[in-house]
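Fold and geometry: a report
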Amino acid sequence: MVTVEALGYIMPEIVLAIGAVVVMLMIAVKRNAILTNVATILTFIIALFFLINQPQQDVNVTNLFFVDSIGRFLTGLILCSAIVITIYSLPYFKNQKELKEEYYILLILATLGSVCMGISNHFVSFVISLELLSVSLFALIGYLRHESTSIEAALKYLIMAAVATSFILFGFALIYTVTGKMDLQGLTSFSSGSNMNFIMLAGFAMTIVGFGFKMALTPFHLWTPDIYSAAPAPVAAFIATISKGAAFVFLLRLFYNLGGLQQESVWIAFAAIATSSMFIGNWLGLRQENLKRLIAYSSISHLGYLMVGFLAISQDGIRSSMFYLLAYFASILAIFGMITYFSGKKGELIKIEDYRGLFWSKPWLAAVFTVIMLSLAGIPLTAGFLGKFYILTAGMGTGKIFLLIVLAVSSTIGLFYYLRVVAVMLSREESSIGEHIGSNSFMLKLAMAVLFVLIIWLGVYPSSFLQMIGI
Amino acid sequence: MILITLLLILMGSGILAWIVASFNKSAAKWIALLALLTDLVLVSSVWLADTAAVTLGNDAHWISSVKMNWIPDFGMTFHLAMDGISLVMTALTFFLGIISVLVSWKSIEKNVGFFLFNILWLLAGITGVFLAMDMMLFYFFWEIMLVPMYFVIVIWGHEKSRYAGWKFFLFTQISGLMMLLAILGLYIYHGSQTGTYSFNYFDLLGSLPGGSLAFWIMCGFLIAFLVKLPTLPFHSWLPDAYAESPSAGSIIIAALMSKTAAYGLIRFVVPLFPESAKSIATPAILIGAAAILYGAKLAYAQRDLKRLIAFSSFSHMGFILVGVFSFSALAFQGVLMQMVAHGLSIAALFIISEFIYDRIGTFDLYKMGGFWKKMANMGGFTLVFGMASLGLPGLANFVAEFLILAGAWQYDAVLATLATLGLIVSVTYSLRILQKIFHQSPQNDMEKLADLNSREWLVLGSLTIVIIWLGLFPQNVVKVAQPAFDRLGIGQNNTNDKKLGLIDTYNGLINKGKDNNAVKEGGKLW
């Protein structure tokens, strides 16, 4: 039964849905990029306001949604990231020929899809939110339709997303065959130990493949570099953070409820995926000349680290992965912010070489850039380190030593390419960076400054954030 | 609070120097110099006040300590504490910090502000390592040393500096991560035993793991410390990093950063894992002795002056390994003396190489020769530090190496003999420095060569005074650190009663004797 009181718990989602319609109508009345942008940000802020004022309780809203502290945390994280991405979008699309306003409708819808995914409690609501997210993303990736790479990337993502969804659907169907349940609480009551038959395992396998595609874990990662490098920087930031985070949270709910991880074969499959993601992500990044592809490989390895927290199978594991998501979101958003900052009339500066000598022409920006890189690499005093630290603690707590050593070794391999970017910036040559949009956009500068402070804050004194996760 | 002040002065003046340098470069240098001087004065005042307290026969105590909440969710505290060992090491840090700022006064021209920022933060990291009593705080400071050092090597280094910087960063990073895993292992073990999760050193000392668990956790710590020290077989980053850094970087990395590893061995490995550490004592001493000989051989074969000094440092670090794993009070005294004395002498040698490079633009020994005629003063100083490096009695290094070898003799006479051979081979390369640079027939035009100016005199002169002073009156250092070593000793004596008596005998000697001879007698009495 839906009560009015229960609806209060999904107010953020309702606000987003209304916001999308309002923005659409606003465009029909008057086309103005700045106005639309502000309206979008306002939508997110109102949604955030409702989220913060919710009572801290775990509540079922119909059979479809379950609002708990993980869900609330993720919703907040997604909304904040969406605000940052919206801020990036305004200066970024200023120079583009396309109509700019419809972009924001798609952005709100994609955010709505991810937020719903994070609180989904049922296969049906999950699939619907997944599709809402994917369909909006096809359009967002191909938004610069005058560029052929953009269309190519959109098509690639379309095919990949469709394949992933069909795998997930098939997997869900098989799980349903065995258990007869589609909501997660129902699945919890189903005792997994006794009935773990072949069909159930096949269902797990299919689901894992589907989620592997969504979260770009190896060996399902092949689409990531192409799409990151071809999509507009703010959209790439969206794919790298929000869509992956939402998928991860549902995966977490699904397997922690089903108890599939206690099954040794399932655990080993996940561990193999995590190990190969960490190694391959860090390995393939080594020779990249293209900064966006490098970030793609970096994000593959980061999702691998995240899986270590997932595989710890403990409360600490959940908390640590949530904290890691926060640190990862901050760092990835900041690095895409940098790329947005330096894009100009001729497009984005995506070659690492383009940043040669940045330290000497723009020392402060380069210092921020360096800190972001160090955060991605996981050096202390940055968010990335404490995230990694928490994951290591969780893994150590349940004795997953092998994964921890893989994490340590592979992240050292990854250091090579993060340091290479820093070294290029440090090299003593005249910087060739010309006009860039960042210098004229106050909001973009502000967003970068906030992310920078956040990265340091998370790395030095994270107590308040840890309490926020409080699961 | 004084401990926090020490760190804040360094970090704050680092940022200030970076900002000020964009307006006025020499003001930035003065800021850095004054900050370090202030810290040195602060530490010296603690030292002077404390010496009185120690001679009154206090039992083991902490000179100063501060503890605040940091991340209570993880059981991390911001806990700094200073005992005798930390006091000596922080004083050394600030003294050599001043020296390294003075040395780079003229030679660093590009981006002075950022350079000073890095140097000061690097020194802050090192100071923090010497003071941190929370394992995670220790790890944080341990890693803070890394990034500024990387910048110093890459930006202001010589030709192959980028390669050297990478190698340095990767070696220390992976070994640091192994230490992090070990710290976490200790944390989880402690939590599972007592129910309270804490990274605090003193809490962790309360419930130590045993058996194979302790062994593996210890290995995590050992890897980090042995890489940073460095010793066989983890030394391959050393020649590149030492030789390619600018001189201030070489001084800090060789004289201070390697000491953080030695400090880690004394502070963490021995007290936290007494049994496991003893079980690997023989191989560890053997590695130390091998490093002494192998390093000396490599040093002798070098053509590049800086690499020669780098390998000599590698060789001397072998003594520290021998000393720590001999598990005798004498050897621990020696290790502390070696940390100070080697820090001073290696810094002086790198400074001399820098002064020569300033004049002739190369480190190639085959392009030098006959410099004594033009630079008699520099030759004199080089003679002093060459002799220090080969262990001439009367200089601090001799006391250190003698104490270590005397301690090692108690443990195993054969191994000690092997390590003693190091004293002989160190003569070869030390004399080779002198002979190649200052004697022989001149290899190039010497018209331009000028002898030391007043700044250079100040730097080398102050180092000479300290190294002779410590050579004549080593008990000044030994005495301050004695309570800290007593505590270590007592920690071991729970399992070995025989040693308690010996340490008492030794303490009696230290209190009675006022010079070198008493220390020597102590060695004989054992």
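Reading guide: rules and limits
Residue numbers restart at each chain and count upward from 1, following the sequence in its written direction. Going through the entries in the order they are written, you letter the chains from A and number the ligands from 1. Only residues with pLDDT of at least 70 get local features here, since the model is predicted, and only at 80 or more are side-chain atom pairs given and counted; chain-wide, interface and lining totals rely on the full set of residues. As a convention, hydrogens and water are excluded, and side-chain values are obtained from all of the structure's heavy atoms. Runs of H or I in DSSP of at least four residues are treated as helices and runs of E of at least two as strands, each being numbered from the N terminus. Buried residues are those whose accessible area, probed at 1.4 Å on protein chains only, stays under 20% of the maximum for their type, while exposed residues exceed 50% and partly exposed ones sit between those limits. Note on definitions: a residue-residue contact is assigned when non-hydrogen atoms from the two residues lie within 4.5 Å. Only the C-alpha atoms count toward the radius of gyration. The rule for a globule is 2.2 Å times the residue count to the power 0.38. For the purpose of charge, His is not counted, nor are the chain termini; Lys and Arg are scored as positive and Asp and Glu as negative. Taken as the charge location is NZ of Lys, CZ of Arg, CG of Asp or CD of Glu. Put simply, buried area is the surface a 1.4 Å probe can reach on two separate parts but cannot reach once they are joined, added for both. Just to be clear on terms, a salt bridge is a Lys or Arg side-chain nitrogen sitting within 4 Å of an Asp or Glu carboxyl oxygen. Here a polar contact means two N or O atoms within 3.5 Å. Within protein one must be a hydrogen donor candidate and the other an acceptor candidate, and residues neighboring in sequence count only if both atoms are side-chain atoms. Each residue is assigned to one class: nonpolar for Ala, Val, Leu, Ile, Met, Phe, Trp, Tyr, Cys and Pro, charged for Asp, Glu, Lys and Arg, and polar for all the others, Gly among them. Note on disulfides: each one is a pair of cysteine sulfur atoms within 2.5 Å. Within this scheme a cavity is a closed region of a 1 Å grid, computed over the protein atoms alone, that accommodates a 1.4 Å probe without allowing it to escape, whereas a pocket is open but has protein on both sides within 12 Å along at least five of seven lines; lining residues each have an atom within 4 Å of a point. Grid points are joined across faces, edges and corners, and a volume is the space filled by probe spheres set on the points. Excluding any residue in a salt bridge, patches collect residues exceeding 30% relative accessible area, merging like charges within 9 Å and nonpolar Val, Leu, Ile, Met, Phe, Trp and Tyr side chains within 5 Å. Here the accessible surface of atoms and residues is derived via Shrake-Rupley with a 1.4 Å probe, and residues count as covered only by protein chains that are part of the display.

The next point concerns the overall build of chain B. Along its length, chain B carries 22 helices and two strands. Of all 526 residues assigned to chain B, the portion counted as buried reaches 66%. A fraction of 81% describes how many contacts in chain B between residues 6 or more apart in sequence connect residues 24 or more apart.

Okay, the overall build of chain A next. Within chain A, the secondary structure is distributed over 20 helices and two strands. For chain A, the C-alpha radius of gyration of 21 Å lies close to 23 Å, the compact-globule estimate for 471 residues. Reported as C-alpha extents along the three principal axes, the dimensions of chain A are approximately 70 × 55 × 45 Å. A total of 471 residues make up chain A; the buried ones form 65% of that total. Sequence separation of at least 24 residues holds for 80% of the intrachain contacts in chain A that already meet a minimum separation of 6. Taken as two groups, the 26 positive and 21 negative side-chain charges of chain A have centres that lie 5 Å from each other.

Time to look at the interface of chain A and chain B. Each side of the interface is counted separately: chain A has 40 residues, and chain B has 36 residues. Taken together, the two surfaces of chain A and chain B that pack against each other cover about 3500 Å², and 83% of this comes from carbon and sulfur. Scanning the region where chain A abuts chain B turns up zero salt bridges. On the surface where chain A and chain B come into contact, there are two residue pairs in polar contact (both at pLDDT 80 or more). Elements with a contribution of two residues or more to the side of chain A that touches chain B: helix H15 (358-361), helix H16 (363-377), helix H17 (383-397), helix H18 (401-426), helix H19 (442-460) and helix H20 (463-469) of chain A. Considering each element in turn, the side of chain A that touches chain B owes the most residues, 13 residues, to H18 of chain A. Partitioned by chemical class, the residues of the side of chain A that touches chain B number 28 nonpolar, 10 polar and two charged.

This part covers the environment of Asn-118 of chain B. Residues and elements named next belong to chain B. Secondary-structure assignment places Asn-118 in helix H4 (residues 112-131). Given a relative accessible area of 2%, Asn-118 falls into the buried group. Sequence separation of Asn-118 and Pro-148 is 30 residues, and the distance between their C-alpha atoms is 4.8 Å. In contact with Asn-118, other than residues within four places in its own chain, are Pro-148, Phe-151, Val-152 and Trp-156.

Now for the state of the cysteines. Residues and elements named next belong to chain A. All chains considered together, the criterion is met by zero disulfides over all chains. Free cysteine: Cys-80, not disulfide-bonded; nearest cysteine sulfur from Cys-116 at 17 Å. Overall, the relative accessible area of 11% leaves Cys-116 in the buried class.

Bringing the layout of surface pockets into the picture now. In this model, the largest pocket occupies a volume close to 1200 Å³. Taken together, 41 residues make up the lining of the largest pocket; nearest its centre are Val-371, Leu-381 and Ile-456 of chain A together with Phe-117 and Trp-121 of chain B. Elements with a contribution of two residues or more to the lining of the largest pocket: helix H14 (315-342), H16 and H19 of chain A together with helix H1 (2-21), H4, helix H5 (135-144) and helix H6 (146-156) of chain B. Ranked by the residues each element gives to the lining of the largest pocket, the list is headed by H16 of chain A, at seven residues. By volume, the second largest pocket is sized at about 800 Å³.

Residue and element names in this part refer to chain A. On the surface, Ile-34, Val-38, Leu-42, Ile-45, Ile-46, Phe-49 and Phe-50 cluster together to form a nonpolar patch covering roughly 620 Å² of accessible area. Mapping Phe-50 onto the fold places it in helix H3 (residues 33-52). Judged by its relative accessible area of 30%, Phe-50 falls in the partly exposed class.

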